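Descriptive structure summary
Listed below are the residues making up each chain.
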Amino acid sequence: MSVQHGVHAVENFWARVWQSPRTPHAIDELVVDDFVIVTGGEAIRGRDAFKEWVLKFQSTVEDLEFIPVETFQNEDGSRVASLWEMTGRNRGFMGTEPEGQPIHLTVPRCGTSAPTGCSNPTVSSAMPGSCTAG
């Protein structure tokens, strides 16, 4: 049986950064300095820029609820995949009019992980962002 450090790293990231009570500043501990995420065709480079992006993203979804559905890893834990859902109300999500309509996303993500946290995720879905290793 493999050690589930990759699953733990990703689930810890979801719990601390995206689930209530959200603590986006945990990114300082959980994400590598040279992290890169590509969202809407724009590369967000570095931990500080990523944290700013997360704060902005979270501010555009009222009553944001982040629900991890399933997380699994390869044998050594170096590759992790996670399926999650997000619900809330639109307050300008992805540049749209903040009209308060319900939002519901289901997103598969996969990436690399380190025992101490998420490092250089690679996302298989473009919604809401796709990541590449920095």
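Scroll up for the structure.
Now for a description of the structure that goes with this document. (Residues numbered from 1 in each chain as written. Predicted model: local features only at pLDDT ≥ 70, side-chain atom pairs only at ≥ 80, totals over all residues. Heavy atoms only, no water.)

Take the side chain of S82 next. Within the fold, S82 resides in strand β4 (residues 79-90). Within the structure, S82 has its side chain in polar contact with the side chain of W14 (distance 3.0 Å). A polar atom in the side chain of S82 sits 3.5 Å from the backbone oxygen of E70. (Helix = DSSP H or I, 4+ residues; strand = E, 2+ residues; numbered from the N terminus. Polar contact = N/O pair within 3.5 Å; in protein donor to acceptor, adjacent residues only side chain to side chain.)

Moving on: the pattern of salt bridges. Overall, the coordinates contain 4 salt bridges when judged by the stated rule. The partner of E29 in a salt bridge is R16, and the shortest N-O contact between them spans 3.1 Å. Remark: R16 occurs in helix α1 (residues 5-18) and E29 occurs in helix α2 (residues 27-30); sequence separation between them is 13 residues. On the accessibility criterion, R16 (27% relative accessible area) is partly exposed. Its salt-bridge partner being R91, residue E62 comes within 2.4 Å of it at the nearest N-O pair. With E62 in strand β3 (residues 61-73) and R91 in the loop between β4 and β5 (102-114), this residue pair connects regions lying 29 residues apart in the sequence. Classification of R91 as partly exposed rests on a relative accessible area of 35%. (Salt bridge = Lys/Arg side-chain N within 4 Å of Asp/Glu carboxyl O. Buried < 20%, exposed > 50% of the residue type's maximum accessible area, 1.4 Å probe, protein only.)

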